[in-house]
Amino acid sequence: MTNYSMDIISKPEEGTASILSWSGEKGTFAVIKGEGNDNYICGVCNNVICQNVNRGQISNLVIICPNCGNYNFIKGT
Ligand SMILES: [Zn+2]
């Protein structure tokens, strides 16, 4: 299991990126769960946002951290 810290970016302009946001309660939990071997963690608060995924499986996706609200970018490689 490897933890990868995601890159923090500023809010992307409308229509320029795929953004996954969480509209429910705030907190420290994963918004994507899989059965792989890697975790992606928030670059600010270290919350595990993508749990048990495989590196390369997710690419070019911006995820808003459900805990701190920052924009995390997954390049995919
Ligand atoms: Zn965070």
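Residues numbered from 1 in each chain as written. Predicted model: local features only at pLDDT ≥ 70, side-chain atom pairs only at ≥ 80, totals over all residues. Heavy atoms only, no water.

So, about unusual backbone geometry. Of note in this structure, N46 is not a glycine but carries a positive phi near 65 degrees. Following the sequence through the fold, N46 ends up in the loop between β5 (38–41) and β6 (48–53). Backbone geometry at N60 places phi at a positive 50 degrees, although glycine is not the residue there. Here N60 lies in the loop between β6 and β7 (61–64). Overall, N60 belongs to the exposed group, its relative accessible area being 52%. (Helix = DSSP H or I, 4+ residues; strand = E, 2+ residues; numbered from the N terminus. Buried < 20%, exposed > 50% of the residue type's maximum accessible area, 1.4 Å probe, protein only.)

Quick look at the nonpolar core now. With 11 residues, the main nonpolar core is built from M6, Y40, C42, I49, C50, V53, I58, L61, I63, C65 and I74. Contributing elements (two or more residues each) for this core: β6 and β7. Once residues within four sequence positions are removed from consideration, I49 is found in contact with M6, F29, A30, V31, I32, Y40, I41, C42, I63, C65, P66 and N72. (Core = buried A, V, L, I, M, F, W, Y, C linked by side-chain atoms within 4.5 Å. Contact = heavy atoms within 4.5 Å.)

Let us look at the coordination of the zinc ion. Coordination sphere of the zinc ion, protein contribution only: C42 (SG), C45 (SG), C65 (SG) and C68 (SG), at 2.3 Å. For the zinc ion, the four donor atoms are set out with angles of 104 to 118 degrees between them, so the coordination reads as tetrahedral. (Donors = N, O, S within 2.8 Å, 3.2 Å for Na, K, Ca; no water. Tetrahedral: all angles 85-135°; square planar, octahedral: opposite > 155°, others 65-115°.)

Bringing the side chain of N47 into the picture now. Take N47: it is sitting in the loop between β5 and β6. With relative accessibility at 6%, the residue N47 sits in the buried group. A polar contact is formed between the side chain of N47 and the backbone oxygen of F29, at a distance of 3.2 Å. Excluding residues that lie within four positions of it along the chain, N47 makes contacts with G27, T28, F29, Y40, I41, C42, C65, P66 and N67. (Polar contact = N/O pair within 3.5 Å; in protein donor to acceptor, adjacent residues only side chain to side chain.)

Looking now at the sheet that holds strand β8 (residues 71–74). Here four strands make up an open sheet; going across it, the order is β2-β8-β7-β3 and the pairing mixed. This sheet does not close on itself; its edge strands, each paired only once, are β2 (7–9) and β3 (18–20). Across the sheet, the mean angle separating the axes of adjacent strands is 35 degrees when strand polarity is ignored. As defined by bridge partners, β2 adjoins β8 across three bridges and the pair is classed as antiparallel. Across the sheet, the residue bridging to D7 is F73, located in β8. (Pairing = 2+ DSSP bridges. Axes fitted to C-alpha atoms, helices over the stretch in contact; angles between N-to-C directions.)

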